[in-house]
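Chain by chain, the residues run as shown.
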Amino acid sequence: MKTVFAATWWFGRACVETAYQRWQESSESDSAQRLLDAVVEGASTAERDPQVLSVGYGGLPNRDGEVELDAAVMEGARLRAGAVASVRRFMPVVYLARAVMERTPHLMLVGDGAERFALRQGYEPQQLLTAESLRRWQEWREQQTAPKEVSQERADAPRESHDTVGVLGWNDGHLVVACTTSGLAWKLPGRVGDSPIVGAGLYADNEAGAVVCTGVGEEIWRFALASRVVEAMRAGYSAQQACERSIDFMLRRLPDVAQHQCAVIALSARGEFGLAATQPERFNAFVCRDGAIEEVRAG
Ligand code: GLY
């Protein structure tokens, strides 16, 4: 096996297809750079797809009706990473996160600063709401009779609303990860989840493995889930064991986490795949091994 890509959810199939195609067609001689190109392009597929209501263009907005996007990338050779959070009007933000990594001395830019950086990188402002995401927001707003506690809003959020796309890539011992999301639907403006947070939503270290998470960011973040899974692989557990142990720990430590979807996929330093979820019956991912794509279910 030479190259592996893996991605979360039903839209992960298109992401791994795109990543593998980009990998195949690339003339880039540096294989680490080529892997990064492929993974980022793969993740951007979900950002561009208006059918995906939890990522990029067409993602469900915050409570004020504004789409705010978060994204991050990390590469496992030198532990380089870049992230953006609360970006309005610009996409694909996964490319913007890569630009933070490659073109700034920083690791994360947020809000207005990230948007000004996007302009300097040549991005054009655009409307990220679609007719469908606007309709859903208007419907939600009409149902709001009195101010609610944020925790109640979280419980009411639609199930598809925190389905981050995460893409992992492995080639000959080198690991890369990217993820992108519009975050929790109807969130408070400025809310940031796990996805752009290195160690929470994603991590990659060639010496151990790469991980990306999806689900309710507040729960994932409090457990530093991505870092937890990577450290389990470093300690010698397989990718599958590391995912399962970390999710089991979450459920033991805080049993209420079972009410929320928190899911993780991983590739070990040898390119072996694993996944686990707090609600395994409704989590799937796609793995592409040298072009052969397989759907893998957690439950
Ligand atoms: N996992 C994505 C989020 O909670 O924002």
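Everything discussed here concerns the structure shown above.
Let me begin by describing the structure that accompanies this report. Because the structure is a prediction, the values reported are computed rather than measured.

What about the site of the ligand?
Taken together, Thr 164, Gly 183, Leu 184, Arg 191, Gly 193, Asp 194, Ser 195, Gly 215, Val 216 and Gly 217 are the residues near the ligand. One of the side-chain N or O atoms of Asp 194 is found 2.6 Å from a nitrogen atom in the ligand. With the chains in place, 100% of the 200 Å² that the ligand exposes on its own is no longer accessible. Residues of the shell around the ligand, tallied by class, amount to 2 nonpolar, 6 polar and 2 charged.

Digging into the pairing of strand E11 (residues 284–289)
Within E11, 5 of the 6 residues are buried, leaving the element largely enclosed by the surrounding structure. Looking at chain direction, E11 and strand E12 (residues 292–297) are connected through 6 bridges and run antiparallel. When the bridges of E12 are listed, Ala 285 appears paired with Val 296. Between E11 and E12, which follow one another and run antiparallel, lie 2 residues, and Asp 290 among them has a positive phi close to 50°.

Considering the sheet that holds strand E1 (residues 3–8)
Across the sheet, 8 strands lie side by side as E4-E3-E2-E6-E5-E1-E11-E12; this open sheet has mixed pairing. Because the sheet does not close on itself, it has two edges, and the strands there are strand E4 (108–110) and E12. Strand-to-strand twist of the sheet, defined as the mean angle between neighbouring strand axes without regard to direction, takes the value 10°. Each of E1, strand E5 (165–171), E11 and E12 touches helix H1 (residues 12–25); the most contacted strand, E1, lies at about 155° to it.

What to know about helix H9 (residues 239–253)
The terminal C-alpha atoms of H9, which comprises 15 residues, lie 21 Å apart, in line with the 21 Å expected from a rise of 1.5 Å per residue. For H9, the set of buried residues is Ala 239, Ala 242, Cys 243, Ser 246, Ile 247 and Met 250. The buried side chains of H9 occupy one side of the element, clustering within an arc of 120° when seen end-on. Away from the buried face of H9 by more than 90 degrees, exposed residues Asp 248 and Arg 252 are located. In this structure, the buried side of H9 is in contact with helix H7 (217–222), helix H8 (225–234), strand E9 (262–268) and strand E10 (273–277).

What to know about the sheet that holds strand E8 (residues 209–215)
On the basis of which strands lie adjacent, the open sheet formed by 4 strands has the order E7-E8-E9-E10 and antiparallel pairing. The open sheet is flanked by strand E7 (202–205) and E10, the only strands paired with a single partner. The mean angle between the axes of side-by-side strands here comes to 10°, regardless of whether they run parallel or antiparallel. Sitting on the sheet, H8 is in contact with E7, E8 and E9, with an inclination near 150° to E8.

With respect to the packing of aromatic side chains
Under the defined criterion, the tally for this structure stands at 6 aromatic pairs. Measuring from centroid to centroid gives 6.5 Å for Phe 5 and Trp 23, while their planes differ by 70°, and the two rings are edge-to-face. Pair noted here: Phe 5 is in strand E1 and Trp 23 is in helix H1, with a separation of 18 residues, a long-range link. As far as burial versus exposure is concerned, Phe 5 and Trp 23 are alike and both buried. For the cation-ring pair, Arg 34 lies above Trp 23, with the distance from its terminal atom to the ring centre recorded as 3.9 Å.

So, a nonpolar patch on the surface
A grouping of Leu 107, Met 108 and Val 110 is seen on the molecular surface, where their side chains present a nonpolar patch of about 230 Å² in accessible area. Examined against the element boundaries, Met 108 turns out to sit in strand E4. Note on Met 108: relative accessible area 30%, which makes it partly exposed.

As for the side chain of Arg 191
Along the chain, the position of Arg 191 falls in the loop between strand E6 (174–181) and E7. For Arg 191, a relative accessible area of 13% puts it in the buried group. Among the polar contacts made by the side chain of Arg 191, one reaches the side chain of Glu 218 at a distance of 2.7 Å. If sequence neighbours within four positions are ignored, Arg 191 has contacts with Asp 70, Ser 86, Gly 183, Leu 184, Gly 217 and Glu 218.

Conventions adopted
- Residues numbered from 1 in each chain as written.
- Predicted model: local features only at pLDDT ≥ 70, side-chain atom pairs only at ≥ 80, totals over all residues.
- Heavy atoms only, no water.
- Near = heavy atom within 4 Å.
- Polar contact = N/O pair within 3.5 Å; in protein donor to acceptor, adjacent residues only side chain to side chain.
- Areas by Shrake-Rupley, 256 points an atom, 1.4 Å probe, with all protein chains shown as cover.
- Nonpolar A, V, L, I, M, F, W, Y, C, P; charged D, E, K, R; others polar.
- Buried < 20%, exposed > 50% of the residue type's maximum accessible area, 1.4 Å probe, protein only.
- Helix = DSSP H or I, 4+ residues; strand = E, 2+ residues; numbered from the N terminus.
- Pairing = 2+ DSSP bridges.
- Axes fitted to C-alpha atoms, helices over the stretch in contact; angles between N-to-C directions.
- Contact = heavy atoms within 4.5 Å.
- Expected span 1.5 Å × (residues − 1).
- Arc of directions from axis to C-beta.
- Phe/Tyr/Trp six-rings, centres within 6.5 Å; stacked < 30°, edge-to-face > 60°.
- Lys NZ or Arg CZ within 6 Å of the ring centre and 35° of its normal.
- Patch = residues over 30% accessible without salt bridge, like charges linked within 9 Å, V, L, I, M, F, W, Y side chains within 5 Å.
- Salt bridge = Lys/Arg side-chain N within 4 Å of Asp/Glu carboxyl O.

In short, the description is geometric, and any link to function would need to be established separately.
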